[in-house]
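Structure assessment
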Amino acid sequence: MSPEHRRLGLAALLALGAATLPFWAADQYQLHLATLIAAYWVLIGGLNLVVGYAGQLSIGHVGLLSIGAYGFAILAGKAGLHPALAVAASGALCGIAGLLLGLPSLRLPGFYFAMATMAVALIVGEVVLAQGELTGGGVGLPVPGFPAPFDSPAGFYWLTAAAAAAVTWLTWNVARRMQGRGLIAIRDSVVTAQAVGVPVLGAKLRAFVFSGVCAGVGGSLFAALQSYITPDTFHFELSLFFFVCIIIGGRGGILGPFLGVVVLTALPELVSPLAKLGNFFYGLLLLAVVLVVPEGIGRVFELVAARLKPRPVESVPVQPDLPRLARALRSNR
Amino acid sequence: MSPAAAAAVQPGASLRAVAVTRRFGGITALDGVSLELRPGEVHGLIGPNGSGKTTLLNLLSGYYEPSEGAIALGNEPLERAPVQRRARLGIGRTFQKPRLLPTLTVLENTMLGAWPHARAGFVETAFGLPRAAREDQAARSRATELLHGVGLGHALARRANLLEHAEQRFLEIARALAGRPRFVLLDEPAGGLSTDEIDHLGGILGTLREAGIGVLLVEHHTDFVFRVCDRVTALDLGRMIREGTPAEVRHDPEVIRVYLGA
Amino acid sequence: MLSALVAGLATGAVFAATALAYNVMFSTSKVLSVTTGHLPMLGGVAGAYVIAGLGLPWWLGLLAAMGTGALFGLLTELVAIRRVLARSDEHLWLLSTLALATMVQQAVGLWWGTEPRPFPRLIPQDFSAGLADQKFWLPIALAVAMAVGLELFYSRTMAGKLFVAMSEDAFAARARGIPTDRIRVASYALAGALGGLAGFAAGQLTFAYFALGLTLTLNGFIALAVGGLGSNVGALIGGFALGLLNALASYWFGGEYQQTIAVGLLMVVLLVKPEGLLGSKQVRPV
């Protein structure tokens, strides 16, 4: 079975497991955890295009999550909008926020951009605290739930899982086509991206705005899941968590980061000493990956598989087929 | 090149540098150099290190703007045109040190070169609309043909970071060709190639010539240049010292003095 | 109003000192390390621990602050920089320094606690000193002394001139036999010691607080970018400007939008003069 088929097979298995989860989950807590993972993935799946594919080191996405969450809480709660409408509006709002943030900062070099995103996350925190009338300040806001059939834990799980599946499908489409290749070119060789005609800033911006919309929708679902949000919910370390999931899972893939989210969310729950270490553990893991396997843990599996089933790369001399080349060039115009 | 660009530029148009000068701080890298690259012609560009060859190539492809002088494609002035616009107008290039995307396969790297023809945008692609898949399929089959054509048919599925040096060079050429260029600018493509591989390269250049593509060949291998080129320009210290047929240039006393060391 | 200005200059001095540390490390490695803001944090915590916690004299606290800073600088170079620079992927150092910064912040938080703890008086002075309080002029004096000291170091000493040679063209320096690896290690230790010292001097202003690192990394960077990457005078100007701006904005509008204002300043400067006020065009990291 080719690696591509193996990956699709694994993805299909995961999808099946995810779709039937409420039936085999051991308790409500596990269902809640699965819903949380799904909500995170709605954001992280979108962020994956920015960080994993375009290579833009955005470490401030918790700010967009916050805007999405508060947007939903205010629109569905205080303004009384139907939750579906509130989610859509929240997504749009965050998309616009992504545009406003991305326009000036995506032209900056790597470190500058990372600092700009971190600053925005801190700014959103400041604004949320300062605008107490709207956001409840330090006390926070209650968040309304969704109407039936999504008001039960299983129902809400399926709603969130559907959103997660949608984001997966959208990003998978982009990743495997020309647009995805363009993003990877921006990440690995900007000079090449320019040489083949990729509009570098425009492509980065599109991915960034898309990740904003995903953050808005993910934030709304996250808020509804929490049912009460405070500024403390959106601490900077959450941004780091999103980022680390992608890097550890492996840039340039979708399955890897998804497994990253699952493992990094579930691990502190299952292994309680790790929960105490919390963010130290994420930092350590990130450092280990960067030093040892910068392409992410997914790549480790590929390398191990290659080691176990070695296919010697035969050195075949380059032998042009000039008539075939001429034929290909004839369809030039 | 893209249909819109093809409409804008006449078929027989040349890519020209007209009396271009390029300064970097206090250094004049190029001083009043002119060069005309005609379709269906292989034009060699030789000169010692520091003579300005790569600077001229970068000016033609759009990575630098000239301090003085003009760059034009037919009647279309290009000095202010960014690199991406020149790619859409059908100007492709390779690099002195091959620049590949290491995590993608040889085939995918080549398909990237077809970007100027991809009309499907981000949203269209994300929602799985058919045009994106269609364009991808067309790019895939064309890239496959081009790769077989340059001699990399055995390595289509190989990750690009596992390629040997010669394979990397030929991959860059295939990638440039995937953009349906009118002109291909090659930056020392023979660097590090064996004699056999250089012969293969010569064959490929001949095929490009017959297909009506204008090729700029920046090279150190002067024998190779004189063998395969229709015209040659020789630079030294940023100035053009001779332009003409290979025979004319190779026997020019100034060229002999500066470059061939006699 | 005057007290707001003085307080602003003092916090600005800490930003300026962080920016200076950035410069020292950048000059030899072309890396902007996310760990930079954590150096003053470590200095403050180490100083508070040794003097207030262990009851030892102030100069031992000073040594502890500088030593801890230098050690962390060395650790940064060893773990997050050296191996990563060897690889061709340009932004791995951003990830590795981010990881190390997270680890040190969390480790200190676990050991020292997550509440800001008071930093002891260094020079006998009662607390009614107002504007002349050492918590203001210690950091200001130190930041200026650091900048002057660094300029003298670069222009008058052999070691400093090696630093300059390496920062202008590391490849050429190596070709001339300059031990660039050792200089880089030394520069990280130096930046660490200076950062730790700055944190020690500013401890009474900032308190010993584990979460200081991240805000200093950001604000120190803003000071650096505004003043111009590579310029020590620029670092001072950027730092003081940022501190004053924050203080005045707090004074007039209330202190709720500190970060917003800081970033606003940065964006304005970057849009008008992308290389910073005193920066040179080539010195931008790509």
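Being a predicted model, the structure only gives us computed values, none of them experimental.

**Some points on the overall build of chain A**
Secondary structure summary: chain A contains 17 helices and two strands in total. Radius of gyration (C-alpha) of chain A: 21 Å, near the 20 Å computed for a compact globule of 333 residues. The principal-axis extents of the C-alpha atoms in chain A amount to approximately 70 × 45 × 40 Å. Taken across its 333 residues, chain A has 53% of its residues classed as buried. In chain A, the proportion of contacts linking residues at least 24 apart, taken out of those at least 6 apart, comes to 78%.

**Examining the interface of chain A and chain B**
Counting from both sides, the interface comprises 38 residues of chain A and, opposite them, 49 residues of chain B. If you list the elements that add at least two residues to the side of chain A that touches chain B, you get α8 (153–176), α9 (178–188), α10 (190–195) and α17 (322–330) of chain A. Of the residues forming the side of chain A that touches chain B, the biggest block, eight residues, is contributed by α17(A). Here the residues of the side of chain A that touches chain B sort into 19 nonpolar, ten polar and nine charged.

**Topic: the packing of α17(A) against helix α6 (residues 130–150) of chain B**
One way to put it is that α17(A) packs onto α6(B) with a least axis distance of 7 Å and a crossing angle of 145°. Here α17(A) runs over α6(B); the crossing is left-handed. Between α17(A), through A:R324, A:L325, A:R327 and A:A328, and α6(B), the contact on the second element is made entirely by B:R142, B:E145, B:L146, B:H148, B:G149 and B:V150. For the contact of α17(A) with α6(B), a count of residues per class yields four nonpolar, two polar and four charged.

**Overview of the confidence of the model for chain B**
On average, residues of chain B score 91 in pLDDT, and 95% of them are at 70 or above. Element-level mean pLDDT values for chain B span from 56 in helix α1 (residues 3–8) of chain B up to 97 in helix α4 (residues 106–112) of chain B.

**Some points on helix α1 (residues 2–29) of chain C**
All names here are of chain C. Between its first and last C-alpha atoms α1 spans 40 Å; for 28 residues at 1.5 Å apiece the expected length is 40 Å, and the two agree. For α1, a buried count of 23 out of 28 residues is recorded, marking the element as mostly surrounded by other parts of the structure. Looking at the residues trailing α1, positive phi occurs at K30, about 55°.

**A closer look at the interface of chain C and chain A**
Taken together, the contact pairs 29 residues of chain C with 29 residues of chain A. Residue assignment for the side of chain C that touches chain A shows that the elements contributing at least two residues are α3 (58–86), α4 (92–112), α9 (212–227) and α11 (258–272) of chain C.

**Considering the arrangement of the chains**
Sorting the two pairs of chains in contact by contact count puts chains A and B at the top. Over all C-alpha pairs, chain B and chain C never come within contact, reaching a minimum spacing of 11 Å.

**Regarding the environment of B:A190**
All names here are of chain B. In this fold, A190 is placed in the loop between β7 (183–187) and α8 (195–210). According to the C-beta neighbour criterion, A190 is buried, with 20 such atoms within 10 Å. In contact with A190, not counting residues within four places along its chain, are I198, L201, E219, H221 and F224.

**Structural notes on the nonpolar core**
Within the largest apolar cluster, 288 residues are counted, with the highest numbers of intra-cluster contacts made by A:V42, A:V244, A:L286, C:A16 and C:L20. If we skip the residues at most four places from it in the chain, C:A16 touches C:A143, C:A223, C:A235, C:L236, C:G238, C:G239 and C:F240.

**Section: the sheet that holds strand β5 (residues 76–77) of chain B**
Residue and element names in this part refer to chain B. Taking strand neighbours across the sheet as the criterion, the four strands line up as β2-β1-β4-β5 in an open arrangement whose pairing is antiparallel. If you trace the sheet from one side to the other, it starts and ends with β2 (27–37) and β5, each paired once. As judged from the seven bridges shared by strand β1 (residues 15–24) and β2, these two strands associate in the antiparallel manner. Directly across from R23, in β2, lies its bridge partner T28.

**Comments concerning the sheet that holds strand β3 (residues 42–46) of chain B**
All names here are of chain B. One open sheet accounts for six strands, arranged β6-β7-β8-β3-β9-β10; its pairing is mixed. The strands lining the two open edges of the sheet, one partner per strand, are β6 (91–93) and β10 (239–244). Going across the sheet, the axis of each strand differs from the next one's by a mean of 15°, ignoring polarity. Across three bridges, β6 lies against β7 in parallel orientation. Along β7, the bridge assignment pairs R93 with L185. Against the sheet, α8 makes contact with β3, β7 and β8 (214–218), and its axis sits at roughly 150° relative to β8, the strand it touches most.

**Some points on helix α12 (residues 236–249) of chain A**
Here α12(A) is 14 residues long and its end C-alpha atoms lie 20 Å apart, about the 20 Å a rise of 1.5 Å per residue gives. Counting buried positions along α12(A) yields 13 of 14 residues, so the element is predominantly enclosed.

**Let's talk about unusual backbone geometry**
The phi torsion of most residues other than glycine is negative, and most of the peptide bonds are trans. In this model, B:L237 sits at a positive phi of 50°, which is unusual for a non-glycine residue. Looking at where B:L237 falls in the secondary structure, it is placed in the loop between β9 (231–236) and β10. Its identity as a non-glycine residue notwithstanding, C:F207 has a phi of 65°, on the positive side. Of note, C:F207 is situated in the loop between α8 (180–206) and α9. Judged by local crowding, C:F207 falls into the partly exposed class, with 17 C-beta atoms found within 10 Å.

**Section: the confidence of the model for chain A**
Overall, the predicted model of chain A reaches an average pLDDT of 89, with 97% of residues at or above 70. Within chain A, helix α14 (residues 272–277) of chain A has the poorest average pLDDT of any element, 72, and helix α11 (residues 200–226) of chain A the best, 96.

**Quick notes on the packing of α12(A) against helix α13 (residues 255–270) of chain A**
Residues and elements named next belong to chain A. It is at 7 Å that the axes of α12 and α13 come closest, and there the two elements cross at 125°. Relative to α13, the element α12 is oriented oblique. In this structure, α12 meets α13 at a crossing whose hand is right-handed. Listed contacts from α13 to F241, V244, C245, I246, I248 and G249 of α12 are G256, P257, F258, L259, G260, V261 and L264.

**Topic: the pairing of β8(B)**
Residues and elements named next belong to chain B. The element β8 is largely enclosed, with a buried count of five among its five residues. Here β8 shows no split at all, with G214, L216 and V218 on one side and V215 and L217 on the other all buried. Bridge analysis of β3 against β8 gives four bridges, and the strand direction is parallel. By the bridge assignment, L45 is partnered in β8 with V218. Viewed along the sheet, the connection from β7 through α8 into β8 turns out right-handed.

**Structural notes on the environment of C:A17**
Residues and elements named next belong to chain C. With respect to the secondary-structure elements, A17 resides in helix α1. Among the residues examined, A17 registers 34 C-beta atoms within 10 Å and is labelled buried. C-alpha of A17 to C-alpha of L224: the two residues are 207 residues apart in sequence and 9.8 Å apart in space. For A17, the contacting residues outside a window of four places in its chain are P40, L142, A143, M146, G195 and A198.

Rules of the game
- Residues numbered from 1 in each chain as written.
- Chains lettered and ligands numbered in written order.
- Predicted model: local features only at pLDDT ≥ 70, side-chain atom pairs only at ≥ 80, totals over all residues.
- Helix = DSSP H or I, 4+ residues; strand = E, 2+ residues; numbered from the N terminus.
- Rg over C-alpha atoms; globule rule 2.2 N^0.38 Å.
- Buried ≥ 20, exposed ≤ 12 C-beta atoms within 10 Å, placed from the backbone.
- Contact = placed C-beta atoms within 7 Å.
- Nonpolar A, V, L, I, M, F, W, Y, C, P; charged D, E, K, R; others polar.
- Axes fitted to C-alpha atoms, helices over the stretch in contact; angles between N-to-C directions.
- Left-handed = near helix turned anticlockwise from the far one by under 90°.
- pLDDT = per-residue confidence, 0-100.
- Expected span 1.5 Å × (residues − 1).
- Core = buried A, V, L, I, M, F, W, Y, C linked by C-beta atoms within 7 Å.
- Pairing = 2+ DSSP bridges.
- Parallel < 35°, antiparallel > 145°, perpendicular 65-115°, else oblique.
- Right-handed = clockwise from strand over helix to strand, strands pointing away.

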